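# Summary of structural features
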Amino acid sequence: MHFSEDDLRFALRRKDPGAGFTQRLMARINQAETNSFASSKIETRYSPLWLPLKLRAALTPVLIAGLAMAGWLGIAQYQQLQKRRSGELARRETMLALRITTAKLNHVFDRVRASRKAKSGESSYENNP
Amino acid sequence: MVEMALRQAGRGDNQAFAEIVSEYQAMIFSIGWHFLGDRALAEDLAQDVFLELYQGLDAIQSAAHLKYWLRRVAVNRAIDYGRRKKSSRELALEEVEEPATGDAQTDALLSEKLRQALARLPEKQRMILILRYQEDRGPTEIAELLKVPVSTVKSALQRGLEELRGKLARKLKEVRYAFF
């Protein structure tokens with residue numbers, strides 16, 4: 001059986017897919033669009049960006065309360081530290097004042113003792129010339 | 001007409017897109033049908049190609065670009081479908097031409113035998129013959145579409161025609177043996 005190139009062209013001529021192809025395709029496109037719209041809605045609802053936002057909103061009061069508590073504790077601790085420091089400073093000042101007083105008293109005692117000694121020396125000279 | 005439909009479809013006009021589909025559906029469907037030898041698969045392929053076009057309409061710049069794009073995507077998809085199919089390439093009953101009388105009957109018989117012989121050729125040869133004789137493309141354009149050298153296309157065309165002739169001759173012998 002021989003054939004020419006025209007026979008092959010005739011055998012391979014274009015054929016229409018038949019009635020309803022466009023309708024079936026458009027229905028499929030509409031279906032695909034509906035599905036993609038629905039999936040995009042789902043993605044929006046549960047997207048990784050959206051989820052932390054919702055979590056953030058729920059965690060904000062807890063976070064604020066935590067921060068306030070930490071601030072209050074910090075302030076209390078700071079005040080306590082300041083009190084301890086001022087107490088320490090007062091103790092040091094008192095000790096210094098005491099040391100100064102002691103030194104001055106010692107000096108006074110020394111002078112009194114010295115004057116007493118001098119006085120007692122004079123009287124013994126008067127008694128025993 | 002296609003240019004205008006393309007612009008309108010790009011703006012979201014589905015009616016204009018349907019016009020584009022009507023214009024090119026026979027081309028896409030026939031590439032699939034002649035390559036795969038299966039009407040249902042060919043329709044699936046055509047729908048996939050047009051769905052891909054719908055999703056990527058913005059990238060199409062002109063009617064000529066559209067035709068080239070459709071042909072290229074159809075060819076690639078047909079090859080993919082063919083590799084997935086891997087089963088018998090026998091023609092389904094619905095694909096056989098309607099019986100006719102006289103010369104027309106001879107033409108229909110020859111066409112059927114040619115399509116059956118074509119279905120048994122290697123995929124590259126088959127697609128090259130389809131693009132040459134269905135789409136009337138030259139070797140350079142076929143080479144560009146299939147991303148092969150022009151010399152490969154020319155030799156595949158020559159070898160493909162020889163193989164078709166050989167297969168038809170063998171088929172005729174089988175028929176003679178069956179009758180006598």
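Residues numbered from 1 in each chain as written. Chains lettered and ligands numbered in written order. Predicted model: local features only at pLDDT ≥ 70, side-chain atom pairs only at ≥ 80, totals over all residues. Heavy atoms only, no water.

### Looking at the overall build of chain A
If you tally the helices and strands in chain A, you get 3 helices and 0 strands. Reading chain A from its N terminus to its C terminus gives the helix and strand order α-α-α. Here chain A holds 129 residues, and the buried ones make up 9% of them. When the accessible surface of chain A is totalled, it reaches about 10900 Å², and 63% of it is carbon and sulfur. (Helix = DSSP H or I, 4+ residues; strand = E, 2+ residues; numbered from the N terminus. Buried < 20%, exposed > 50% of the residue type's maximum accessible area, 1.4 Å probe, protein only. Areas by Shrake-Rupley, 256 points an atom, 1.4 Å probe, with all protein chains shown as cover.)

### Describing the environment of Tyr-133 of chain B
For Tyr-133 of chain B, the location among the structural elements is in helix α6 (residues 123-133). Look past the residues within four positions of Tyr-133 of chain B in its chain and what remains in contact with it is Glu-5, Leu-8, Arg-9 and Leu-12 of chain A together with Leu-157 and Leu-161 of chain B. A polar contact is formed between the side chain of Tyr-133 of chain B and the side chain of Glu-5 of chain A, at a distance of 2.3 Å. (Contact = heavy atoms within 4.5 Å. Polar contact = N/O pair within 3.5 Å; in protein donor to acceptor, adjacent residues only side chain to side chain.)

### Things to note about the packing of aromatic side chains
For the structure on display, the rule yields 3 aromatic pairs over all chains. Between Phe-21 of chain A and Phe-50 of chain B the ring centres are 6.1 Å apart and the planes differ by 65°, which places this aromatic pair in the edge-to-face class. With one member in each of two chains, Phe-21 of chain A in helix α2 (residues 21-46) and Phe-50 of chain B in helix α3 (residues 39-55) form a pair that bridges those chains. Accessibility classification places Phe-21 of chain A together with Phe-50 of chain B in one group, the buried group. Between Phe-29 of chain B and Trp-33 of chain B, the aromatic rings sit 6.2 Å apart at their centres with planes inclined by 25°, giving stacked as the arrangement. (Phe/Tyr/Trp six-rings, centres within 6.5 Å; stacked < 30°, edge-to-face > 60°.)

### Concerning the confidence of the model for chain A
Detail in the predicted coordinates should be disregarded across regions flagged by low pLDDT. Put simply, chain A has an average pLDDT of 84, and 80% of its residues get 70 or more. Mean pLDDT per element in chain A: α2 of chain A is the minimum at 76, and helix α1 (residues 5-11) of chain A is the maximum at 92. (pLDDT = per-residue confidence, 0-100.)

### Structural notes on α3 of chain B
All names here are of chain B. The terminal C-alpha atoms of α3, which comprises 17 residues, lie 24 Å apart, in line with the 24 Å expected from a rise of 1.5 Å per residue. With 12 of 17 residues buried, α3 is to be regarded as a mostly interior element. Along α3, the residues that are buried comprise Leu-41, Ala-42, Glu-43, Leu-45, Ala-46, Gln-47, Asp-48, Val-49, Phe-50, Leu-51, Leu-53 and Tyr-54. Looking at where α3 begins, the residue whose side-chain oxygen comes 3.0 Å from the main-chain nitrogen of Ala-40 is Asp-38. (Expected span 1.5 Å × (residues − 1).)

### Points about the packing of α6 of chain B against helix α7 (residues 139-146) of chain B
A pair of packed helices is characterised by two quantities: the angle between their axes and the separation of those axes. Residue and element names in this part refer to chain B. Running from amino to carboxyl end, α6 crosses α7 at an angle of 135°, the nearest separation of the two axes being 10 Å. Here α7 runs oblique to α6, going by the angle between their axes. Crossing handedness for the pair α6 and α7: right-handed. Listed contacts from α7 to Met-127, Ile-128, Leu-131 and Arg-132 of α6 are Ile-142, Leu-145 and Leu-146. Residues belonging to the contact of α6 with α7 are distributed by class as follows: 6 nonpolar, no polar and 1 charged. (Axes fitted to C-alpha atoms, helices over the stretch in contact; angles between N-to-C directions. Parallel < 35°, antiparallel > 145°, perpendicular 65-115°, else oblique. Left-handed = near helix turned anticlockwise from the far one by under 90°. Nonpolar A, V, L, I, M, F, W, Y, C, P; charged D, E, K, R; others polar.)

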